Amino acid sequence: MNNRQLFLSHLAQTTDFPLMIEIEKAEGVFLYGPNGEKYMDLISGIGVSNIGHRHPNVLAAIHDQLDKYLHLMVYGEYVQQPQTLLAQALVNTLPDSLNNVYLVNSGSEAIEGALKLAKRFNNRREIISCVDAYHGSSHGALSVGGNELFKRAYRPLLPGIRNITYGEIEQLELITTDTSAIILETIQGEAGVRIADKEYFMALREKCNQTGTLLIMDEVQTGFGRTGKFWAFEHFNIVPDIVVCAKGMGGGMPIGAFVTSKKIMDVFKENPLLGHITTFGGHPVSAAASLATIQTITEGNLIEQVEEKATMFKRLLVHPKIKEIRSKGLMMAVAFDSFEVLKPIIDRCIDNGVITDWFLYCDNAMRIAPPLTINFEEIQEACQCILQSINED
């Protein structure tokens, strides 16, 4: 059997209509097929490849670590330099109160750890999340997700979850002294890049302070320079109690983390001890790749270029069928009238060599989230392809 047949026969499928694009290699912003096909990856593997595919700094860090050791022990027992240096580098990007890092394998796992930590810290059970939030697909993460279509087949989920509407200040009154934590994406991703204003975030922070509620910010899609700041919450002049990250963190390797104060994190050490456990969390190769990713972002002038690159996308993507572009940096949603209009455009984009997508909860908007390393010539090429694909209707 060929690779396509093996894919369909032996790999679990998530839909009846996978893209079925076969990739042989990847470099920078491009993916290459076995027969000379070339695709510009305009979605970074869904927010993962913030510094492009196979960045040389990441490859060098991986190769260096391979010569030393791979997995040694479950997380938290041995002193491993890739983990310690990564934790230091992460903390250096954050406000002083966010100084303790728990390394895991993915965004969903980081959400699970953050939820457990909040409940353990203040001994409360209610958690508030937002309508149309996406926090992952494991049971706890799904429980605080905000779209019933994706939840109903898996109920019962976690009890004590309440949804409010993201961005509506009046609904913050539902946060009380019974609320353990409120979890929200700094910018709602799968809802189609929805952005609340600074007034909302300031009111949210104040309400959490008043009620002793922990504020968990999900920066899985927005972190690591995506929005023009290293962390999206920096746009809103607030500091969360717990920040969750993954995706763009690893330079293409699987890794995630939740970060908080040492005072909060220390509750995992007793009653019971080993309050959160992961075997592979902070895998040394992934940790080395993540450290190289942070260094590349912070030392390579990538964040400083984000706004200019986003502006170029918005300047070039002008067409009667494009109704709106919502964006924060290089996290963009290009809105059309309907999914029926958008889906053929996405298909033609792929045929023409540009990979894009839509959003889980917003299927009339095209996702644009390219590697931060994309250059201006490549942006022009991508926009020309999108406009051509619109006009081919």
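Below: a short report on this structure. Computed from a predicted structure; not experimentally measured.

Section: helix 3 (residues 56-66)
Among all positions in helix 3, only Val58, Ala61, Ile62 and Gln65 are buried. Around the axis of helix 3, the buried residues are gathered within 100° of arc, so they sit on the same side. Where helix 3 is buried, its residues touch helix 4 (81-92) and helix 10 (284-299).

A few points about helix 10
In a regular helix each residue adds 1.5 Å, so 16 residues correspond to 22 Å; helix 10 covers 22 Å between its end C-alpha atoms and thus fits that length. With respect to burial, helix 10 is a largely interior element, 13 of its 16 residues being buried. One or two residues past the end of helix 10 sits asparagine 301, with phi positive at roughly 65°.

So, the pattern of salt bridges
Pairs can form between side chains of opposite charge once their charged atoms are near each other. Applying the stated criterion to the full structure yields 11 salt bridges. When the shortest N-O distance is used, the salt bridge between glutamate 173 and lysine 207 registers 3.4 Å. One end of the pair, glutamate 173, is in the loop between strand 6 (161-164) and strand 7 (179-185); the other, lysine 207, is in helix 8 (residues 198-211), and 34 residues separate them in sequence. The salt bridge involving glutamate 190 is made with arginine 367; its shortest N-O contact spans 2.8 Å.

Thoughts on the nonpolar core
With 110 residues, the main nonpolar core has Leu184, Phe201, Leu204, Phe258, Phe313 and Met366 as its most contacted residues. Take this core: its biggest share by element is 8 residues, from helix 10. Among all residues touching methionine 366, those that are not within four sequence positions of it are Met332, Ala333, Val334, Phe336, Leu342, Ile345, Ile346, Cys349, Thr356, Asp357, Phe359 and Ile386. By size, the runner-up hydrophobic cluster in this structure holds 8 residues, among which are Ile187, Ala333, Phe359 and Cys362.

What counts and how
- Residues numbered from 1 in each chain as written.
- Predicted model: local features only at pLDDT ≥ 70, side-chain atom pairs only at ≥ 80, totals over all residues.
- Heavy atoms only, no water.
- Buried < 20%, exposed > 50% of the residue type's maximum accessible area, 1.4 Å probe, protein only.
- Helix = DSSP H or I, 4+ residues; strand = E, 2+ residues; numbered from the N terminus.
- Arc of directions from axis to C-beta.
- Contact = heavy atoms within 4.5 Å.
- Expected span 1.5 Å × (residues − 1).
- Salt bridge = Lys/Arg side-chain N within 4 Å of Asp/Glu carboxyl O.
- Core = buried A, V, L, I, M, F, W, Y, C linked by side-chain atoms within 4.5 Å.

The quantities given are spatial measurements derived from coordinates; they are silent on function.
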